[in-house]
Amino acid sequence: MVQRNIKSEIDSKLHDPILRSNLERFSEQYPIARAKAYANVDSIEDLRDDLRDMKRYSVAHIEKLADEFQASLEKRGAKVFRAKDGDELKEQLMAICRENNVHNIVKSKSMATEEIRLNDYLEEKGLHVKETDLGEWMLSVAGQHPSHMVMPAIHLNRKQCAKFFSDELKEDIPSDIPFMVQTARKVMRKEFLKADMGISGANFGIAENGAIGLVTNEGNARIVTTLPPVHVIIIGYEKLIPKVSDASKIMRLLPRNGTGQRMVSYLTLVDGPTPIIHEKNGKLIEENKKVYAILLDNGRLKAAHDPVMKEVYQCVRCASCLNVCPIWSTVGGNVYGHIYSGGIGAILTGLLNGMDEFAQFSDLCIGCRRCTTVCPGKINIPDLIQELRNRRVAQKGLSTPEKIIFRRIMTNRKIFHSLLRAASLGQKPVKSGKFIRNLPLFFAKMTEGRSLPAIADKPFRDRAEELFKKNPTNPKMRVAFFSGCNLDFVFPETGESVVKVLQDIGAEVVYPQKQNCCGKPVVGAGDLDTARKLAKQNIKAMEETNADYIVAACPTCAETLKQTYKELFASDPVWLKRAEAMSKKVVEFTVFVEKAYAKENRLKDVQGMKKITYHDSCHMKRSLGIYKEPRELLNSAAGYKFVEMHGADQCCGMAGSFGMKYADLSKQLLNRKIDNIKQSGADTVAVACPACMMQIGGGLDKNAPEIKVKHIADILAENLK
Ligand code: SF4
């Protein structure tokens, strides 16, 4: 495995203006095109459910489908092989080439052949191979790899394409798209006419009748399957589906999701050898084409039998998960594995190329979960990535710094909190008000374009007792406040606002001092043993309060306490029961308050002078499904006029340690967010997540200090009489 320097690769992509502008344009246009394509569909969810269920059935019966597909295709006169890996497939293909005296090959776009680097191999063997997909052809000329599954050359602009055309054809080709297409057509025609073999992939293979489907917008793939006398289909097991009618389940989603079209220009079904007229010994003769299919395993069958990872079979390679991924949209696909990019690419690389390769870029998934909202197969991409991270840690262990921080420091609350208190003193030389605006030496990047929040002089836990003196004398309920590290040590004033609002709605608030970090950072790093230790500490601390509710004003903590702990103890019945009991009491702050305000008839629309907008945290919106309640509360906050901003639910770029590890990349996401906030015309941006408050607040401090960021708890506390 080649050891890559991902950070420097990212840096070069961030400084590639052509790539950046192509991706920016595309990521703005794609959601609009997709929405238009689905405008005539009553329920996208129903279509997604149908596809997911059909693919789940397929993976559960994969060997049976493979047998049926093979039998159906052989019945029609084709020969079918199975290849356990790329090497075996290459040997089988070479045998077919020898048998048919093949010298010239035309190929249509196929990720499976990219995966096993088939072209390089065939060329080494002295065969002449031409890609016929325009994008793939240009990449092969340029010696580059696809950066997208559907639009492989999306990172190039037309001037670059013209240069590749010119280099390849040894003539000056202008950067005029229709001219280039005409030129390509002339070149390709010659290749088609001399080809002895066409190699295609398949978007699906139907077990019932042995047909394969090719979904394209260029007619070249169809010609690859029809003109040359020999056609070889290279198809991965994951493409097999049971019946002809199941193809429609793919076709209703794939074009809409892939390219924002209701239907592609060419849907080609090939179901076995057909007669062709071709020249043999100087004469034109009619005879059946030869059709071969090779079913490629290369790790796919192992994945099919993996109780968790089999979900990847639900992928139809539409690439919409890339199109909405904030990281892919910023740096493109070439910083991932050699072929599959984005979150699904990380998973496929892990399964097909091994965990070491996966680990090199697995943390480029920031868990924002946008992909889960569009994936036609309803694949839970971030959770599968997390599963692979967990497995890697189980196999290889943690790094030494992680071991020290997670296992020695974080699990010992007293040490952890003492270090935070010490850091609050140690930061004094670099602190200015509530911010650290400049860090020296190799930390400097962290404060370029954004300030960092300073650790508070006095954490929330030291202020709690004083606050609770104001608890109502006849409380309606008892609420335990779970602050999380940020509201405890960075934004204790917001913690105070939370308490004031809870007291205002009649709650007696208690703060269990034994609570610790919720454990999300260690879960993210794959250290489940430490996560369980932290979960036990928190469950015990919360149980001791005997509270009716547990309120968290950090969506990440709320999600961890409510959902993740149950998953952590799935095979420990005693702790699972305790985690379940606690989970029932956990409520996210805005949901809790909105319900109370609705009961008290306090959710009245008011129109103030100061414009306020809202940023949806990823965990809040897509993990907890909460987005209406914060808006309801803001609409009723006196003095403010609520305005929506563009891209309200796009990640701000913090994403836990990602924001520090990939500071430059994080800054790009932050800049986009700051631009959207500015364009909304708001004076204040409200958040419900302390981590977003940290990132957005730091960005505004450096770039637009006239705009304030506030937690909704602070806004509601301001409004209390
Ligand atoms: S994971 Fe889902 S969204 Fe991504 S390529 Fe596969 S089907 Fe499309």
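Keep in mind it's a predicted model, so treat the numbers as computed, not measured.

Trainee: Hey, could you go over the sheet that holds strand β13 (residues 431-432) for me, with residue numbers and the actual values?
Mentor: Spatial ordering of the open sheet is given by β13-β14-β15, a layout of 3 strands whose pairing is antiparallel. In this open sheet, the two edge strands, each paired with only one partner strand, are β13 and β15 (452-453). Pairing of strand β14 (residues 435-436) with β15 involves 2 bridges; the strand directions are antiparallel. Within β15, the residue paired with Ile436 across the bridge is Leu452.

Trainee: Tell me about the environment of Ile285, residues and numbers included.
Mentor: Following the sequence through the fold, Ile285 ends up in strand β11 (residues 283-288). By relative accessible area, Ile285 is classed as partly exposed at 26%. Sequence-distant contacts of Ile285, that is, excluding residues within four places in its chain, are made with Ile276, Ile277, His278 and Lys280.

Trainee: Pulling in residues and values, what's your account of the site of the ligand?
Mentor: Looking at the ligand, there are 13 residues lining it, with Cys315, Cys318, Ala319, Cys321 and Cys375 nearest. Across the shell around the ligand, the residue classes tally to 11 nonpolar, 1 polar and 1 charged.

Trainee: Account for the packing of helix α30 (residues 589-599) against helix α32 (residues 628-635), with residues named and values stated.
Mentor: It is at 9 Å that the axes of α30 and α32 come closest, and there the two elements cross at 55 degrees. If you check the angle between α30 and α32, you find them oblique. For the pair α30 and α32, the sense of crossing is left-handed. Between α30 and α32, the contacting residues are Thr590, Val591, Val593, Glu594 and Tyr597 on the first element and Glu629, Pro630, Glu632 and Leu633 on the second. For the contact of α30 with α32, a count of residues per class yields 5 nonpolar, 1 polar and 3 charged.

Trainee: Account for the nonpolar core, with residues named and values stated.
Mentor: Inside soluble globular proteins, nonpolar side chains tend to come together where they are buried. Of all hydrophobic cores here, the largest spans 74 residues; its most connected members are Ile327, Ile344 and Leu364. Ile327 has contacts with Gly332, Tyr336, Leu364, Ile366, Phe658, Leu665 and Leu669, leaving out every residue within four places of it along the chain. Formed by 60 residues, the second largest nonpolar core is a distinct cluster that contains Ala596, Ala686, Cys689 and Leu700.

Trainee: Hey, could you go over the sheet that holds strand β5 (residues 204-206) for me, with residue numbers and the actual values?
Mentor: Strand pairing in a sheet relies on backbone hydrogen bonds. The paired strands run either parallel or antiparallel. Pairing in this open sheet of 4 strands is mixed, and the strands run β8-β5-β6-β9 from one edge to the other. Unpaired on one side and paired on the other, β8 (240-241) and β9 (266-270) mark the two borders of the sheet. The pairing of β5 with strand β6 (residues 212-216) spans 2 bridges and is antiparallel. Of the residues in β6, the one forming a bridge with Gly205 is Ile212. The strands touched by helix α12 (residues 244-251) within the sheet are β5, β6, β8 and β9, with β5 carrying the most contacts at an inclination of about 160 degrees.

Trainee: Tell me about helix α27 (residues 528-543), residues and numbers included.
Mentor: In an α-helix, one turn spans 3.6 residues, which is why side chains three or four residues apart end up on the same side. Its 16 residues place the ends of α27 22 Å apart at the C-alpha level, agreeing with the 22 Å of an ideal helix rising 1.5 Å per residue. Residues of α27 that are buried: Thr530, Ala531, Leu534, Ala535, Asn538, Ile539, Ala541 and Met542. On its buried side, α27 packs onto α21 (400-410), β16 (477-482), α26 (520-524), β18 (549-552), α28 (555-568) and α29 (573-585).

Trainee: Would you mind going over the pairing of strand β22 (residues 684-687) in detail, with residue names and values included?
Mentor: Neither face of β22 is open: one carries Thr684 and Ala686, the other Val685 and Val687, and all of them are buried. One ladder, built from 3 bridges, connects strand β20 (residues 610-614) with β22; its direction is parallel. Within the sheet, the bridge partner assigned to Thr613 lies in β22 and is Val685. When β22 meets strand β23 (residues 708-711), the two strands line up parallel, connected through 4 bridges. Note that in β23 the partner of Ala686 across the bridge is Lys710. Between the parallel pair β22 and β23, the chain is carried across by helix α35 (residues 690-703), and the sense of this crossover is right-handed.

Trainee: Help me get a handle on helix α5 (residues 86-99), residues and values and all.
Mentor: With 14 residues, α5 extends 20 Å from end C-alpha to end C-alpha; this agrees with the ideal 20 Å at 1.5 Å per step. All of the buried residues in α5 are Gly86, Leu89, Lys90, Gln92, Leu93, Met94, Ile96 and Cys97. Along its buried surface, α5 packs onto β1 (79-83), β2 (104-107), α7 (118-124), β4 (197-200), β7 (230-236) and β12 (290-296). At the exit of α5 stands Asn101, carrying a positive phi of roughly 50 degrees.

Thresholds, definitions, all that
Along each chain, residue indices are assigned from 1 in the same order as the chain's sequence is written. Predicted model: local features are reported for residues with pLDDT of at least 70 only, side-chain atom pairs are reported and counted for 80 or more only, and whole-chain, interface and lining totals are derived from all residues. To obtain the side-chain values, all non-hydrogen atoms of the structure were included, while hydrogens and water were left out. Two strands form a pair only when DSSP identifies at least two bridges running between them. Runs of E in the DSSP output that reach at least two residues are strands. Runs of H or I that reach at least four are helices, and both are numbered from the N terminus. Each residue is placed in one exposure class: buried if its accessible area under a 1.4 Å probe, protein chains only, is under 20% of its type's maximum, exposed if it is over 50%, and partly exposed if it falls in between. Contacts are residue-level and defined by heavy atoms, with any inter-residue pair within 4.5 Å sufficient. Throughout, the term near means that a residue has one or more heavy atoms lying within 4 Å of the molecule or strand in question. Under the scheme applied, nonpolar residues are Ala, Val, Leu, Ile, Met, Phe, Trp, Tyr, Cys and Pro; charged residues are Asp, Glu, Lys and Arg; polar residues are all the others, including Gly. Orientation is described by axes fitted as lines to C-alpha atoms, over the contacting stretch for helices, and by angles from 0 to 180 degrees between their N-to-C directions. These descriptions rest on fixed angle ranges, namely under 35 degrees for roughly parallel, over 145 for roughly antiparallel, 65 to 115 for roughly perpendicular, and the rest for oblique. Definitions for this section: a left-handed crossing has its near helix turned counterclockwise from the far helix by less than a right angle. A right-handed crossing has that turn clockwise. Definition used in this section: a nonpolar core is a set of buried Ala, Val, Leu, Ile, Met, Phe, Trp, Tyr and Cys residues joined via side-chain atoms within 4.5 Å. The span one expects for a helix is its residue count, reduced by one, times 1.5 Å. Looking down the strands as they point away from you, a crossover is right-handed if its path from the first strand over the helix to the second goes clockwise.

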